[in-house]
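# Remarks on the overall topology
Chain residues, written in single-letter form:
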Amino acid sequence: QKVESDERALINVQEGLGFQKDSLFLLNLRFRIQNRAGYNNIRGDNFSVDMYDMKVRRLRLRLDGFVLNPKIQYYIQMAFSRSDMDLESGNTAQTLRDAIVYYTFSDKFYVGFGQSKLPGNRQRVVSSGNLQFADRSVANAFFNIDRDFGFFGYYTQPLAGRSLAMLKGAVTTGQGRNSFNNNDGFAYTGRIELLPFGKFTNNGDYSEGDQQFEPKPKLSLAATVSRNHKATRAGGQTGLVLYEERNLNSLILDGVFKYTGWALSSEYMQRNAANPITQNAEGLTRHVFVGHGMNTQLSKMVSRKS
Amino acid sequence: QKVESDERALINVQEGLGFQKDSLFLLNLRFRIQNRAGYNNIRGDNFSVDMYDMKVRRLRLRLDGFVLNPKIQYYIQMAFSRSDMDLESGNTAQTLRDAIVYYTFSDKFYVGFGQSKLPGNRQRVVSSGNLQFADRSVANAFFNIDRDFGFFGYYTQPLAGRSLAMLKGAVTTGQGRNSFNNNDGFAYTGRIELLPFGKFTNNGDYSEGDQQFEPKPKLSLAATVSRNHKATRAGGQTGLVLYEERNLNSLILDGVFKYTGWALSSEYMQRNAANPITQNAEGLTRHVFVGHGMNTQLSKMVSRKS
Amino acid sequence: QKVESDERALINVQEGLGFQKDSLFLLNLRFRIQNRAGYNNIRGDNFSVDMYDMKVRRLRLRLDGFVLNPKIQYYIQMAFSRSDMDLESGNTAQTLRDAIVYYTFSDKFYVGFGQSKLPGNRQRVVSSGNLQFADRSVANAFFNIDRDFGFFGYYTQPLAGRSLAMLKGAVTTGQGRNSFNNNDGFAYTGRIELLPFGKFTNNGDYSEGDQQFEPKPKLSLAATVSRNHKATRAGGQTGLVLYEERNLNSLILDGVFKYTGWALSSEYMQRNAANPITQNAEGLTRHVFVGHGMNTQLSKMVSRKS
């Protein structure tokens, strides 16, 4: 099983549906469905059910591949379930998640232009098909920097022995997915990842469990800094529209370690703004989500996937 | 022509577009388009036209097949035309109709989890591509139990000779398609179908005309009972949101007979609620659709489909 | 490269993805993505940026081909980006652009029923993938007659030598794409195109640049007349809903000339209405867009596409 990356098109496909015409054209068609039945118990003192949660949580259609030349890749992802279309901040269904075109200069360097995930906290970038729980953490919900539209760059630098560094950067609108009108304040995001023991098997640094049963220890340590200039929403790329523009600064530290089926991952996220509370003419307030959060997961694969 | 069933994925495809990789993966891609031009004359005393009705009535995309193993089947259906997205009860476009995963234990028994049609009145379960008229009956509009999200089970029991019984059941949210928040009241639906003369050719009990020109008489008689506990909408799975929760009880009786191109089908539907009228703080009322309805159709195929 | 026509299904495919089963079935699957980063400077006196415009401008999925018989063709186009779903006149996402079925009587004559582009000004009918600029002209925005639902006919008449005439006509609802309720006033559109020097190579009269480097001069001159009876929107098929119905008349004259990489195209559009201002009970007004506009483009291809 090839692990999907949300930062690259798949051009070496072993699963799903791939259509290829020489090296002129490749289209992979994949979809993902997540049906869910659960319940929430909010009070801690008894276990009666407060609310059931049964729905189609995710239904995604993913098209990726290349056109004209394997160096020119594209990646499109659409979401069709009601829980997946950003209806919390309006009632216009937002189908489109990713729509980006990549150009690959070399094995070490590629750039993208379009809408995609920012190189933010690791759990956010892990594709929802590679999560261990049904949803991401609460900390992620408040402090992730989500998707945005703009220019992306990805560079890999080999270091001594098998170790390597990855540099990722983006200059984007700062207003998140499918935003309509853009002001003149952009978001600048930079991320560095250090892999002292070399690459993970099969992109394992961006899947949660150690499905590969890494025979040797693998580690990735990473830091992201993001400045969202003249942000208009409570979380920058996400959240309610603020009454005034604010400048947001985010710091993210995360890491993952995998070895023989064990996986330990952890991430710390922090967001600051000079004056987080905004006010309109009637005196109503909306505030930037400032603060910090942390999420740690430890897991052990019990048997190899057959 | 294989008759599509809305209660099962197609895994034996003769039409449309099928992609298969050994017994690991099958994807059928089918779409259906229904363009319509008509007019409505509401007054009975003359035939001047009150309103024209010209539009793309249905545009559906259907993906089904299996993954990993022919026992694990999926069925996804999406609708893209404006008349097909539940805009009567809000202005959020609802693309998703069906998204369900089935597990097949044997030829006689399979279960499903996800969003699909409830085993309600026969005309509702017949796929829109197999109807004889452009729309379903008015009785169906008021009393059908539509689609819902939850657990489904289908069991076939052979009886004496060629006769057989089918048992269908579902435990679902009771709030219909793409509902957001679920309370702790579920809907319980049970249906029994008796086929004294054996199976219909090519699933003919779930298409309206006798396209198969059944050489021997075939009959299906069925009854559905459904209890929707703490329903929040006027028709349970459909309709406006009520001001208070109500418990709804539905009884459905239907049958179809086919022989040498003739088809006779009939259905009776009834819905009850203890106190059908709900009221809000301002004294406005909304009521449960209670009452009963009936629909009967007789048809004769004039020639075999070439 | 085959030039897509927005007035016909593609049944001779050299690019994209085509699935065929003898002469029983053909499905072409194509998609188009347009990401955009730009800025608008509204004041003329300096070049500071007033607003950036960065977004996924277009994401289209196109399905076309034939069913049962190559004479019965279909053409479906859906749009998934936020800028492409008619959100200016409401917040219901409109995915569906084209959904039409064609029947071909002969090489000279075919008819269509469904939703498609009206035979209006040339630039509007040119597919967005064949434009030279990222968007169509401002004149087009105000005076084009866009898409509509109804009956379409296309007839080609050979004349002396290589010259020919094309006649196109449509009777449609007059209320534009995905309209809900239709009154009893229709839109009647007729267009004539004269090609004195014969057909353009590869449908070049409906692409903007002369990618074909026409070895001999080619010319198309055309006129469209459209009457929209009892129109309910400011531009007939587009725009805000008017407070009263109006009858709109449109006249369009356009032409294109191509030769050895040079292309000159021009179009003139005019819209009239007897009493363009409508008023509601509160005295608010909304008006029909009346007036005229013109758009001319000259281009030279600098080198052949490799």
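Keep in mind that what you see is a predicted model, and the values were worked out from it rather than measured.

## Quick notes on the overall build of chain A
- On a plain count of helices and strands, chain A comes out with two helices and 15 strands.
- Out of the 306 residues belonging to chain A, those deemed buried represent 52%.
- Total accessible area computed for chain A in this model is approximately 13,400 Å², and 57% of it derives from carbon and sulfur atoms.

## What to know about the pairing of strand S5 (residues 96-106) of chain B
Residue and element names in this part refer to chain B.
- Bridging between strand S4 (residues 72-79) and S5 involves seven bridges; their strand directions are antiparallel. Counted as the bridge partner of Gln-73 is Tyr-102 from S5.
- Sheet topology places S5 next to strand S6 (residues 109-117); seven bridges connect them, and they run antiparallel. Within the sheet, the bridge partner assigned to Ala-99 lies in S6 and is Gln-115.
- Hairpin remark: S5 followed by S6, antiparallel, with two residues in the connecting loop.

## Topic: the relation of the copies chain A and chain B
- Placing chain A over chain B gives an RMSD of 0.0 Å and needs a rotation angle of 120°, together with 0.0 Å of translation along the axis. Expressed as an axis order, the relation between the two copies is that of a three-fold axis.
- When the interface residues of chain A are mapped onto chain B, a mere 15% of them again fall at the interface, so the copies present different faces.

## Section: unusual backbone geometry
- With a phi angle near 50°, Phe-213 of chain A is a residue other than glycine that sits in the positive phi range.
- Inspection of the secondary structure assignment puts Phe-213 of chain A in the loop between strand S9 (187-195) and strand S10 (218-233).
- Classification of Phe-213 of chain A as buried rests on a relative accessible area of 12%.
- Despite not being glycine, Asn-178 of chain C shows a phi value in the positive range, around 55°.
- In this structure, Asn-178 of chain C sits in the loop between strand S8 (164-172) and strand S9 (187-195).

## Some thoughts on the interface of chain A and chain B
- Listed per partner, the contact involves 26 residues of chain A and 33 residues of chain B.
- Where chain A abuts chain B, roughly 2,600 Å² becomes buried across the two surfaces, and 72% of that area is made up of carbon and sulfur atoms.
- Its largest share of buried area at the contact with chain B, chain A owes to Phe-31, Met-54 and Arg-82 of chain A, together 27% of the area lost on that side.
- Counting every contact that joins chain A to chain B gives zero salt bridges.
- For the pair chain A and chain B, the number of links is three residue pairs in polar contact (both at pLDDT 80 or more).
- Residue assignment for the side of chain A that touches chain B shows that the elements contributing at least two residues are strand S1 (17-21), strand S2 (25-40) and strand S3 (51-67) of chain A.
- In terms of residues, the side of chain A that touches chain B owes the most to one element, S3 of chain A, which gives seven residues.
- Residue composition of the side of chain A that touches chain B, grouped by class: 15 nonpolar, six polar and five charged.

## Concerning the relation of the copies chain C and chain B
- Aligned on chain B, chain C shows an RMSD of 0.0 Å; the corresponding rotation is 120° and the shift along the axis is 0.0 Å.
- An asymmetric contact is evident, with only 12% of the interface residues of chain C recurring at the interface of chain B.

## Description of the packing of aromatic side chains
- Enumeration according to the criterion identifies 36 aromatic pairs over all chains in this entry.
- Centroid distance Phe-31 of chain B to Tyr-74 of chain C: 4.9 Å. Interplanar angle 55°. Geometry classified as tilted. Of this pair, Phe-31 of chain B sits in strand S2 (residues 25-40) while Tyr-74 of chain C is found in strand S4 (residues 72-79), placing the two residues in two different chains.
- Judged by relative accessible area, Tyr-74 of chain C falls into the buried class, the value being 3%.
- Relative to Phe-149 of chain B, the ring of Phe-113 of chain B lies with its centre 5.5 Å away and its plane at 75°, an arrangement referred to as edge-to-face. Residue Phe-113 of chain B is located in strand S6, and its partner Phe-149 of chain B is located in strand S7 (residues 147-158); the two are separated by 36 residues in the primary sequence.
- Phe-113 of chain B gets classed as partly exposed once you look at its relative accessible area, which sits at 23%.
- Among the aromatic residues, those joined into a cluster by ring pairs are Tyr-103, Phe-105, Phe-109 and Tyr-155 of chain A.
- Over the face of the ring belonging to Tyr-206 of chain B we find Arg-122 of chain B, whose NZ or CZ atom lies 5.0 Å from the ring centre.

## Some thoughts on the side chain of Lys-168 of chain C
Residues and elements named next belong to chain C.
- Looking at the element boundaries, Lys-168 is found in strand S8.
- Taking the relative accessible area as the measure of exposure, Lys-168 reaches 8% and is therefore buried.
- One polar contact links Lys-168 to Glu-193, side chain to side chain, over a distance of 3.0 Å.
- Beyond its immediate stretch of four places on either side in the chain, Lys-168 contacts Glu-7, Pro-119, Gly-153, Tyr-154, Thr-189, Gly-190, Arg-191, Glu-193 and Tyr-206.

## Description of the nonpolar core
- Met-78 and Phe-80 of chain A, Met-78 and Phe-80 of chain B together with Met-78 and Phe-80 of chain C are the most contacted members of the largest nonpolar core, which has 51 residues in total.
- If sequence neighbours within four positions are ignored, Phe-80 of chain A has contacts with Leu-59, Leu-61, Met-85 and Thr-95 of chain A, Met-78, Phe-80, Thr-95 and Leu-96 of chain B together with Phe-80 of chain C.

## Some details on a nonpolar patch on the surface
Residue and element names in this part refer to chain A.
- A contiguous nonpolar patch, built from Phe-197, Phe-257, Tyr-259, Trp-262, Leu-264 and Leu-298 and spanning about 580 Å² of accessible area, is present on the exposed surface.
- Listed by contribution, the elements that provide at least two residues to the nonpolar patch are strand S11 (241-259) and strand S12 (262-273).
- With respect to the helices, strands and loops of the structure, Phe-257 is situated in strand S11.

## Describing the pairing of S7 of chain B
Residues and elements named next belong to chain B.
- Where S6 meets S7, nine bridges bridge the pair, whose relative direction is antiparallel. Paired with Ser-116 across the strands is Asp-148, a residue of S7.
- Counting the residues that bridge the hairpin from S7 to strand S8 (residues 164-172) gives five residues, and of these Gly-161 lies at a positive phi of roughly 65°.

## A few points about the interface of chain C and chain B
- In this complex, chain C contributes 32 residues to the contact, which on the side of chain B involves 26 residues.
- Summed over both sides, the interface of chain C with chain B buries roughly 2,600 Å², with 72% coming from carbon and sulfur.
- The interface formed by chain C and chain B holds zero salt bridges in total.
- Where chain C meets chain B, there are three residue pairs in polar contact (both at pLDDT 80 or more).
- For the side of chain C that touches chain B, the secondary structure elements donating two or more residues are strand S1 (17-21), strand S2 (25-40), S4, strand S5 (96-106), strand S6 (109-117) and strand S7 (147-158) of chain C.
- For the side of chain C that touches chain B, the residue count by class is 17 nonpolar, 13 polar and two charged.

## Describing the pattern of salt bridges
- What the rule picks out here adds up to 45 salt bridges over all chains.
- Note that Lys-230 of chain A and Asp-184 of chain A form a salt bridge whose closest N and O atoms lie 2.9 Å from each other. With Lys-230 of chain A in strand S10 and Asp-184 of chain A in the loop between strand S8 (164-172) and S9, this residue pair connects regions lying 46 residues apart in the sequence.
- Judged by relative accessible area, Asp-184 of chain A falls into the partly exposed class, the value being 34%.
- Here Asp-64 of chain B and Arg-62 of chain B are joined by a salt bridge, their closest N and O atoms 2.9 Å apart. Each member of the pair, Asp-64 of chain B as well as Arg-62 of chain B, carries the same accessibility label: buried.

## Some thoughts on the environment of Gly-293 of chain A
Residue and element names in this part refer to chain A.
- Looking at the secondary structure, you find Gly-293 in strand S15 (residues 291-300).
- A residue is classified by how much of its surface remains accessible, and Gly-293, at 10% relative accessible area, is buried.
- Between the C-alpha atoms of Gly-293 and Tyr-268, which are 25 residues apart in sequence, the distance is 5.8 Å.
- Excluding anything up to four places from it in sequence, Gly-293 contacts Ala-139, Phe-143, Glu-267, Tyr-268 and Met-269.

## A closer look at the confidence of the model for chain A
- In this model, chain A carries an average pLDDT of 87, and 89% of its residues clear a pLDDT of 70 or more.
- Looking at the elements of chain A, mean pLDDT is at its lowest for S1 of chain A, recorded as 69, and at its highest for S9 of chain A, recorded as 97.

## Let's talk about the environment of Asp-210 of chain C
All names here are of chain C.
- Note that Asp-210 resides in the loop between S9 and strand S10 (218-233).
- The exposure class of Asp-210 is buried, given its relative accessible area of 0%.
- Distance in space between the C-alpha atoms of Asp-210 and Leu-264 is 9.2 Å, their sequence separation being 54 residues.
- Asp-210 has contacts with Lys-258, Tyr-259, Thr-260, Gly-261, Trp-262, Ala-263 and Met-301, leaving out every residue within four places of it along the chain.
- Side-chain polar atoms of Asp-210 contact the backbone nitrogen of Phe-213, separated by 3.1 Å.
- A distance of 3.1 Å separates the side chain of Asp-210 from the backbone nitrogen of Glu-214, its partner in a polar contact.

Definitions and cut-offs
Residues numbered from 1 in each chain as written. Chains lettered and ligands numbered in written order. Predicted model: local features only at pLDDT ≥ 70, side-chain atom pairs only at ≥ 80, totals over all residues. Heavy atoms only, no water. Helix = DSSP H or I, 4+ residues; strand = E, 2+ residues; numbered from the N terminus. Buried < 20%, exposed > 50% of the residue type's maximum accessible area, 1.4 Å probe, protein only. Areas by Shrake-Rupley, 256 points an atom, 1.4 Å probe, with all protein chains shown as cover. Pairing = 2+ DSSP bridges. Least-squares fit on C-alpha atoms with pLDDT ≥ 70 in both. Contact = heavy atoms within 4.5 Å. Buried area = accessible area lost by both parts, 1.4 Å probe. Salt bridge = Lys/Arg side-chain N within 4 Å of Asp/Glu carboxyl O. Polar contact = N/O pair within 3.5 Å; in protein donor to acceptor, adjacent residues only side chain to side chain. Nonpolar A, V, L, I, M, F, W, Y, C, P; charged D, E, K, R; others polar. Phe/Tyr/Trp six-rings, centres within 6.5 Å; stacked < 30°, edge-to-face > 60°. Lys NZ or Arg CZ within 6 Å of the ring centre and 35° of its normal. Core = buried A, V, L, I, M, F, W, Y, C linked by side-chain atoms within 4.5 Å. Patch = residues over 30% accessible without salt bridge, like charges linked within 9 Å, V, L, I, M, F, W, Y side chains within 5 Å. pLDDT = per-residue confidence, 0-100.

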